[in-house]
Amino acid sequence: MSIGHVGPSRQVHVGTRQDTASRLLASAARKSYDPLVEIDWDAPIPSDLYGMTPEWCSLYGTDLWESMTEEQRITLTTHEAASIAGTGIWFEMILMQMLLRDVYTHDPATAHFQFALTEIADECRHSTMFARSATRLGVPSYQPKQWIRQSARLFKATATGSLAYGGTLFAEEILDMMQRDFMKDDRVQPITRTVSRIHVTEEARHIKFARDEATRRAANISAFTRARIRLALGVTAYLVVTSLVNPKVYEAAGLDPHRARAAAASNQHYHNKIREGCAKTVEFLDGIGLIGGPSTVLLRRAHII
(Lines give C-alpha, C1' and ligand atoms only; values in the text may rest on other atoms or scores of the structure.)
Protein backbone atom coordinates (compact mmCIF):
# COMPACT_ATOMS: atom_id res chain seq x y z
CA MET A 1 0.00 0.00 0.00
CA SER A 2 1.25 3.45 -0.87
CA ILE A 3 -0.04 5.77 1.84
CA GLY A 4 -0.64 9.23 0.50
CA HIS A 5 0.18 8.40 -3.12
CA VAL A 6 -2.33 9.81 -5.57
CA GLY A 7 -1.90 7.85 -8.75
CA PRO A 8 -3.75 5.79 -11.33
CA SER A 9 -5.61 3.85 -8.62
CA ARG A 10 -7.75 6.93 -8.11
CA GLN A 11 -9.32 6.43 -11.51
CA VAL A 12 -12.06 4.23 -10.11
CA HIS A 13 -15.06 3.58 -12.28
CA VAL A 14 -18.23 4.80 -10.61
CA GLY A 15 -21.63 4.15 -12.09
CA THR A 16 -24.14 6.93 -12.30
CA ARG A 17 -25.45 8.09 -8.96
CA GLN A 18 -29.05 7.21 -9.80
CA ASP A 19 -28.19 3.74 -11.12
CA THR A 20 -26.30 2.92 -7.93
CA ALA A 21 -29.11 4.22 -5.76
CA SER A 22 -31.72 2.26 -7.73
CA ARG A 23 -29.81 -0.98 -7.19
CA LEU A 24 -29.44 -0.24 -3.48
CA LEU A 25 -33.15 0.54 -3.16
CA ALA A 26 -33.94 -2.82 -4.77
CA SER A 27 -31.58 -4.52 -2.31
CA ALA A 28 -33.28 -2.77 0.60
CA ALA A 29 -36.67 -4.00 -0.63
CA ARG A 30 -35.36 -7.59 -0.64
CA LYS A 31 -33.37 -7.58 2.60
CA SER A 32 -34.41 -5.25 5.38
CA TYR A 33 -35.17 -6.24 8.93
CA ASP A 34 -37.09 -4.88 11.88
CA PRO A 35 -34.98 -5.84 14.92
CA LEU A 36 -37.96 -5.40 17.24
CA VAL A 37 -39.55 -8.31 15.37
CA GLU A 38 -36.56 -10.33 14.16
CA ILE A 39 -34.83 -10.60 17.55
CA ASP A 40 -36.29 -12.60 20.41
CA TRP A 41 -35.68 -10.04 23.14
CA ASP A 42 -37.21 -12.29 25.79
CA ALA A 43 -34.92 -15.23 25.12
CA PRO A 44 -32.72 -16.22 28.07
CA ILE A 45 -29.13 -14.94 28.17
CA PRO A 46 -26.73 -17.90 28.57
CA SER A 47 -24.22 -17.32 31.35
CA ASP A 48 -21.42 -19.27 29.67
CA LEU A 49 -21.15 -17.39 26.35
CA TYR A 50 -19.02 -14.40 25.40
CA GLY A 51 -20.49 -11.02 24.56
CA MET A 52 -18.39 -10.98 21.37
CA THR A 53 -15.62 -12.97 19.72
CA PRO A 54 -12.89 -12.94 22.38
CA GLU A 55 -10.10 -12.46 19.83
CA TRP A 56 -11.46 -8.92 19.28
CA CYS A 57 -11.21 -8.11 23.00
CA SER A 58 -8.66 -5.42 23.84
CA LEU A 59 -6.94 -7.70 26.40
CA TYR A 60 -6.96 -10.95 24.45
CA GLY A 61 -3.49 -12.47 24.25
CA THR A 62 -2.06 -10.52 27.18
CA ASP A 63 -0.74 -11.93 30.45
CA LEU A 64 -3.66 -10.20 32.15
CA TRP A 65 -6.13 -12.07 29.95
CA GLU A 66 -4.45 -15.35 30.84
CA SER A 67 -4.80 -14.56 34.54
CA MET A 68 -8.52 -13.75 34.31
CA THR A 69 -11.24 -16.20 35.24
CA GLU A 70 -13.64 -17.37 32.56
CA GLU A 71 -16.38 -15.36 34.27
CA GLN A 72 -14.25 -12.21 34.02
CA ARG A 73 -13.59 -12.86 30.34
CA ILE A 74 -17.29 -13.27 29.64
CA THR A 75 -18.08 -10.09 31.57
CA LEU A 76 -15.37 -8.11 29.82
CA THR A 77 -16.37 -9.20 26.31
CA THR A 78 -20.00 -8.39 27.09
CA HIS A 79 -19.13 -4.89 28.25
CA GLU A 80 -16.74 -4.32 25.34
CA ALA A 81 -19.47 -5.37 22.91
CA ALA A 82 -21.76 -2.77 24.49
CA SER A 83 -19.01 -0.16 24.32
CA ILE A 84 -18.46 -0.85 20.61
CA ALA A 85 -22.21 -0.60 20.06
CA GLY A 86 -22.29 2.71 21.95
CA THR A 87 -19.62 4.12 19.65
CA GLY A 88 -21.68 2.84 16.73
CA ILE A 89 -24.78 4.66 17.97
CA TRP A 90 -22.79 7.87 18.39
CA PHE A 91 -21.46 7.83 14.85
CA GLU A 92 -24.73 6.64 13.30
CA MET A 93 -26.42 9.71 14.79
CA ILE A 94 -23.73 11.86 13.18
CA LEU A 95 -24.18 10.02 9.86
CA MET A 96 -27.93 10.51 9.85
CA GLN A 97 -27.53 14.27 10.24
CA MET A 98 -24.87 14.44 7.51
CA LEU A 99 -27.09 12.49 5.11
CA LEU A 100 -30.05 14.77 5.74
CA ARG A 101 -27.91 17.84 5.08
CA ASP A 102 -26.42 16.27 1.98
CA VAL A 103 -29.75 15.60 0.25
CA TYR A 104 -31.67 18.57 1.65
CA THR A 105 -31.82 20.34 -1.73
CA HIS A 106 -32.01 17.23 -3.92
CA ASP A 107 -35.03 16.22 -5.95
CA PRO A 108 -37.20 13.85 -3.84
CA ALA A 109 -38.20 12.01 -7.02
CA THR A 110 -34.66 10.68 -7.52
CA ALA A 111 -33.44 7.28 -6.40
CA HIS A 112 -30.44 8.93 -4.73
CA PHE A 113 -32.67 11.01 -2.46
CA GLN A 114 -34.88 8.05 -1.65
CA PHE A 115 -32.00 5.74 -0.82
CA ALA A 116 -30.50 8.36 1.49
CA LEU A 117 -33.79 8.37 3.42
CA THR A 118 -33.82 4.57 3.36
CA GLU A 119 -30.34 4.50 4.87
CA ILE A 120 -31.38 6.95 7.57
CA ALA A 121 -34.30 4.67 8.42
CA ASP A 122 -31.89 1.71 8.59
CA GLU A 123 -29.56 3.62 10.91
CA CYS A 124 -32.43 4.57 13.20
CA ARG A 125 -33.31 0.90 13.59
CA HIS A 126 -29.65 -0.04 14.06
CA SER A 127 -29.14 2.50 16.84
CA THR A 128 -32.29 1.28 18.59
CA MET A 129 -31.11 -2.31 18.17
CA PHE A 130 -27.67 -1.59 19.64
CA ALA A 131 -29.16 0.28 22.58
CA ARG A 132 -31.69 -2.43 23.32
CA SER A 133 -29.13 -5.23 23.07
CA ALA A 134 -26.96 -3.57 25.73
CA THR A 135 -29.99 -3.19 27.98
CA ARG A 136 -30.97 -6.83 27.45
CA LEU A 137 -27.44 -7.97 28.33
CA GLY A 138 -27.65 -5.92 31.51
CA VAL A 139 -24.74 -3.58 30.82
CA PRO A 140 -24.50 0.23 30.74
CA SER A 141 -25.03 2.36 27.65
CA TYR A 142 -21.39 3.22 27.05
CA GLN A 143 -20.61 6.34 25.02
CA PRO A 144 -17.45 8.12 23.86
CA LYS A 145 -16.00 10.66 26.26
CA GLN A 146 -17.97 13.85 26.77
CA TRP A 147 -15.35 16.09 25.13
CA ILE A 148 -15.33 13.88 22.04
CA ARG A 149 -19.12 13.98 21.73
CA GLN A 150 -19.13 17.75 22.12
CA SER A 151 -16.25 18.26 19.69
CA ALA A 152 -18.02 16.10 17.12
CA ARG A 153 -20.83 18.66 16.96
CA LEU A 154 -18.69 20.71 14.58
CA PHE A 155 -17.98 17.70 12.37
CA LYS A 156 -21.61 16.63 12.12
CA ALA A 157 -22.72 20.19 11.40
CA THR A 158 -20.18 20.97 8.69
CA ALA A 159 -18.73 17.78 7.15
CA THR A 160 -19.75 17.31 3.52
CA GLY A 161 -18.70 15.43 0.42
CA SER A 162 -15.77 13.04 0.56
CA LEU A 163 -14.99 14.03 4.15
CA ALA A 164 -18.45 13.01 5.34
CA TYR A 165 -18.49 9.75 3.40
CA GLY A 166 -14.84 8.91 4.11
CA GLY A 167 -15.40 9.40 7.84
CA THR A 168 -18.47 7.20 7.59
CA LEU A 169 -16.38 4.38 6.12
CA PHE A 170 -13.93 4.43 9.02
CA ALA A 171 -16.82 3.91 11.44
CA GLU A 172 -18.83 1.44 9.37
CA GLU A 173 -16.19 -0.87 7.97
CA ILE A 174 -14.32 -1.73 11.15
CA LEU A 175 -17.63 -2.57 12.83
CA ASP A 176 -18.57 -4.62 9.78
CA MET A 177 -15.30 -6.59 10.03
CA MET A 178 -15.85 -7.30 13.71
CA GLN A 179 -19.46 -8.35 13.30
CA ARG A 180 -18.70 -10.74 10.46
CA ASP A 181 -16.72 -12.69 13.07
CA PHE A 182 -19.32 -12.22 15.82
CA MET A 183 -22.24 -13.55 13.79
CA LYS A 184 -20.44 -16.82 12.89
CA ASP A 185 -19.01 -17.54 16.34
CA ASP A 186 -20.84 -20.22 18.37
CA ARG A 187 -19.04 -19.00 21.50
CA VAL A 188 -20.92 -15.68 21.33
CA GLN A 189 -24.31 -14.75 22.78
CA PRO A 190 -27.22 -15.42 20.36
CA ILE A 191 -28.42 -11.84 20.74
CA THR A 192 -25.01 -10.50 19.64
CA ARG A 193 -24.93 -12.89 16.70
CA THR A 194 -28.39 -11.87 15.49
CA VAL A 195 -27.69 -8.16 15.92
CA SER A 196 -24.46 -8.61 13.98
CA ARG A 197 -26.14 -10.53 11.16
CA ILE A 198 -28.79 -7.83 10.69
CA HIS A 199 -26.25 -5.03 10.81
CA VAL A 200 -23.79 -6.69 8.40
CA THR A 201 -26.57 -7.41 5.87
CA GLU A 202 -27.93 -3.88 5.83
CA GLU A 203 -24.60 -2.12 6.28
CA ALA A 204 -23.29 -3.61 3.04
CA ARG A 205 -25.62 -1.22 1.18
CA HIS A 206 -24.44 1.75 3.23
CA ILE A 207 -20.78 0.95 2.58
CA LYS A 208 -21.39 0.70 -1.16
CA PHE A 209 -23.24 4.04 -1.10
CA ALA A 210 -20.49 5.75 0.92
CA ARG A 211 -17.68 4.39 -1.28
CA ASP A 212 -19.48 5.48 -4.44
CA GLU A 213 -20.07 9.00 -3.11
CA ALA A 214 -16.58 9.37 -1.66
CA THR A 215 -15.04 8.41 -5.00
CA ARG A 216 -17.27 10.78 -6.94
CA ARG A 217 -16.75 13.72 -4.59
CA ALA A 218 -12.96 13.27 -4.37
CA ALA A 219 -12.44 13.19 -8.13
CA ASN A 220 -12.07 16.93 -8.78
CA ILE A 221 -11.11 18.56 -5.49
CA SER A 222 -8.19 20.99 -5.21
CA ALA A 223 -4.88 20.12 -3.58
CA PHE A 224 -5.73 22.37 -0.62
CA THR A 225 -9.12 20.72 -0.12
CA ARG A 226 -7.54 17.28 -0.39
CA ALA A 227 -4.99 18.15 2.31
CA ARG A 228 -7.72 19.51 4.57
CA ILE A 229 -9.88 16.41 4.12
CA ARG A 230 -6.92 14.10 4.79
CA LEU A 231 -6.25 15.84 8.10
CA ALA A 232 -9.90 15.85 9.14
CA LEU A 233 -10.26 12.17 8.22
CA GLY A 234 -7.21 11.33 10.29
CA VAL A 235 -8.70 13.05 13.33
CA THR A 236 -12.08 11.39 12.74
CA ALA A 237 -10.60 7.92 12.36
CA TYR A 238 -8.44 8.37 15.46
CA LEU A 239 -11.40 9.41 17.62
CA VAL A 240 -13.66 6.63 16.33
CA VAL A 241 -11.15 3.82 16.79
CA THR A 242 -9.83 4.96 20.17
CA SER A 243 -13.41 5.30 21.44
CA LEU A 244 -14.36 1.69 20.74
CA VAL A 245 -13.36 0.49 24.21
CA ASN A 246 -14.55 2.62 27.11
CA PRO A 247 -12.04 2.29 30.01
CA LYS A 248 -14.92 1.66 32.41
CA VAL A 249 -15.35 -1.84 30.96
CA TYR A 250 -12.29 -3.00 32.88
CA GLU A 251 -13.73 -2.02 36.24
CA ALA A 252 -16.94 -3.86 35.34
CA ALA A 253 -14.89 -7.05 34.94
CA GLY A 254 -13.25 -6.55 38.34
CA LEU A 255 -9.88 -5.55 36.91
CA ASP A 256 -7.49 -2.86 38.04
CA PRO A 257 -8.29 -0.14 35.47
CA HIS A 258 -4.75 1.25 35.32
CA ARG A 259 -3.19 -2.17 34.80
CA ALA A 260 -5.83 -3.12 32.24
CA ARG A 261 -5.44 0.09 30.24
CA ALA A 262 -1.66 -0.36 30.18
CA ALA A 263 -2.06 -3.96 28.99
CA ALA A 264 -4.46 -2.92 26.24
CA ALA A 265 -2.19 -0.05 25.15
CA SER A 266 0.71 -2.45 24.58
CA ASN A 267 -1.33 -5.37 23.19
CA GLN A 268 0.09 -6.12 19.75
CA HIS A 269 -2.62 -8.69 19.07
CA TYR A 270 -5.33 -6.03 19.51
CA HIS A 271 -3.38 -3.53 17.44
CA ASN A 272 -3.17 -6.08 14.63
CA LYS A 273 -6.93 -6.67 14.82
CA ILE A 274 -7.56 -2.93 14.52
CA ARG A 275 -5.33 -2.77 11.43
CA GLU A 276 -7.15 -5.78 10.03
CA GLY A 277 -10.51 -4.12 10.65
CA CYS A 278 -9.45 -0.86 8.99
CA ALA A 279 -7.43 -2.34 6.12
CA LYS A 280 -10.16 -2.17 3.47
CA THR A 281 -11.01 1.42 4.39
CA VAL A 282 -7.38 2.51 4.32
CA GLU A 283 -6.76 0.83 0.98
CA PHE A 284 -9.86 2.41 -0.54
CA LEU A 285 -9.27 5.93 0.80
CA ASP A 286 -5.60 5.79 -0.15
CA GLY A 287 -6.68 4.77 -3.64
CA ILE A 288 -8.79 7.91 -4.06
CA GLY A 289 -6.10 10.13 -2.54
CA LEU A 290 -7.64 10.80 0.87
CA ILE A 291 -4.89 9.42 3.09
CA GLY A 292 -1.51 11.07 3.49
CA GLY A 293 0.36 13.96 5.03
CA PRO A 294 0.29 14.77 8.77
CA SER A 295 -2.84 12.67 9.34
CA THR A 296 -0.77 9.48 9.04
CA VAL A 297 0.73 10.26 12.44
CA LEU A 298 -2.72 9.95 14.02
CA LEU A 299 -3.52 6.84 12.02
CA ARG A 300 -0.38 5.17 13.29
CA ARG A 301 -1.06 6.22 16.88
CA ALA A 302 -4.48 4.60 16.65
CA HIS A 303 -2.87 1.47 15.07
CA ILE A 304 -4.97 1.94 11.92
CA ILE A 305 -1.88 1.76 9.70
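Everything numeric in this text was worked out from a predicted model, so none of it was measured.

J.: How should the layout of surface pockets be read in this particular structure?
T.: Over the atoms rolls a probe the size of a water molecule, and in doing so it shows where empty space is left. When its volume is computed, the largest pocket comes out at roughly 820 Å³. If you go around the largest pocket, you meet 28 residues; those closest to its centre are Thr 242, Ser 243, Val 245, Pro 247 and Arg 261. Taken together, the elements giving at least two residues each to the lining of the largest pocket come down to helix H6 (146-158), helix H9 (223-242), helix H10 (248-252), helix H11 (257-265) and helix H12 (268-287). In terms of residue count, H9 provides more of the lining of the largest pocket than any other element does, 4 residues in total. Taken together, the residues that form the lining of the largest pocket break down as 16 nonpolar, 8 polar and 4 charged.

J.: Mind showing me how you'd approach the state of the cysteines here?
T.: What is meant by a disulfide is a covalent connection between two cysteines, made through their sulfur atoms. Under the counting rule described, the total for this entry stands at 0 disulfides. Its sulfur unpaired, Cys 57 is 17 Å from the next cysteine sulfur, which belongs to Cys 278. Residue Cys 57 is classed as buried on the basis of its relative accessible area, which comes to 0%.

J.: Explanation requested: helix H7 (residues 161-182) in the structure shown.
T.: Because an α-helix packs 3.6 residues into every turn, residues spaced three or four apart end up facing the same way. Taking 1.5 Å per residue, 22 residues should reach 32 Å; H7 reaches 32 Å between its end C-alpha atoms and fits that length. Judged by how many residues are buried, H7 sits mostly within the fold: 20 of 22 residues are covered.

J.: Sorry if this is basic, but what is going on with unusual backbone geometry here?
T.: Glycine aside, residues mostly have negative phi, and peptide bonds are mostly found in the trans state. A positive phi angle is found at His 303, which is not glycine, with a value near 65°. Turning to its location among the elements, His 303 is positioned in the segment after helix H13 (295-301).

What counts and how
Residues numbered from 1 in each chain as written. Predicted model: local features only at pLDDT ≥ 70, side-chain atom pairs only at ≥ 80, totals over all residues. Heavy atoms only, no water. 1 Å grid on protein atoms, 1.4 Å probe; cavity = no way out; pocket = protein on both sides within 12 Å on 5 of 7 lines; lining within 4 Å. Points joined across faces, edges and corners; volume = space filled by probe spheres on them. Helix = DSSP H or I, 4+ residues; strand = E, 2+ residues; numbered from the N terminus. Nonpolar A, V, L, I, M, F, W, Y, C, P; charged D, E, K, R; others polar. Disulfide = S-S within 2.5 Å. Buried < 20%, exposed > 50% of the residue type's maximum accessible area, 1.4 Å probe, protein only. Expected span 1.5 Å × (residues − 1).

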